[in-house]
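A closer look at the structure
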Amino acid sequence: GDRPTLIVDDICDGGGTFIGIAEILQRRRYSHELGLYVTHGIFSKGVAELKNRFSQVYTTDSISPTKSPVVTKYPCSASLNAAVQLIHSLAPVRGV
């Protein structure tokens, strides 16, 4: 079935890499819901463009300035556990 897909990385500064990934997937007609998990969310350009492409944005509290209500934050101590649980529940991208 159509299961959401989570993109995982260590850091997101301006978000351009992830916006680019989402645009490529959209052009290839990849219709699954996309989520983004980054350990260190700097979000120097804000999160509005990311939220236009990702249904959920997850990060840790390793960088404190992000106070956006559209970003779900996890304590650093729980981030690995949360990431593993999210990854386990999502389908990998195949054939893209």
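The text that follows walks through the structure, step by step, so that each part is easy to find. (Residues numbered from 1 in each chain as written. Predicted model: local features only at pLDDT ≥ 70, side-chain atom pairs only at ≥ 80, totals over all residues. Heavy atoms only, no water.)

Quick look at the nonpolar core now. The biggest cluster of nonpolar side chains holds 16 residues, and the ones touching the most others in it are Phe18, Leu36, Phe43, Leu50, Phe54 and Val57. Elements supplying a minimum of two residues to this core: β1 (5-12), α1 (16-27) and β2 (34-41). (Core = buried A, V, L, I, M, F, W, Y, C linked by side-chain atoms within 4.5 Å. Buried < 20%, exposed > 50% of the residue type's maximum accessible area, 1.4 Å probe, protein only. Helix = DSSP H or I, 4+ residues; strand = E, 2+ residues; numbered from the N terminus.)

Moving on to the side chain of Thr5. Along the chain, Thr5 falls in strand β1. On the accessibility criterion, Thr5 (2% relative accessible area) is buried. In terms of polar contacts, Thr5 uses its side chain to reach the side chain of Tyr30, at 2.4 Å. (Polar contact = N/O pair within 3.5 Å; in protein donor to acceptor, adjacent residues only side chain to side chain.)

So, on to the side chain of Thr60. Within the secondary structure, Thr60 sits in strand β3 (residues 56-60). Judged by its relative accessible area of 1%, Thr60 falls in the buried class. Of the polar contacts made by the side chain of Thr60, one reaches the backbone oxygen of Thr39; its length is 2.4 Å. A polar contact is formed between the side chain of Thr60 and the backbone nitrogen of Ser62, at a distance of 3.2 Å.

For the structure on display, the rule yields two salt bridges. Of the charged contacts in the structure, one is a salt bridge between Arg53 and Glu23, with a shortest N-O distance of 2.9 Å. On the criterion of sequence distance, the pair formed by Arg53 in helix α2 (residues 48-53) and Glu23 in helix α1 is long-range, its members being 30 residues apart. The class for Arg53 is partly exposed, based on a relative accessible area of 27%. Beyond isolated ion pairs, a larger network of salt bridges with shared partners links Glu23, Glu49 and Arg53. (Salt bridge = Lys/Arg side-chain N within 4 Å of Asp/Glu carboxyl O.)

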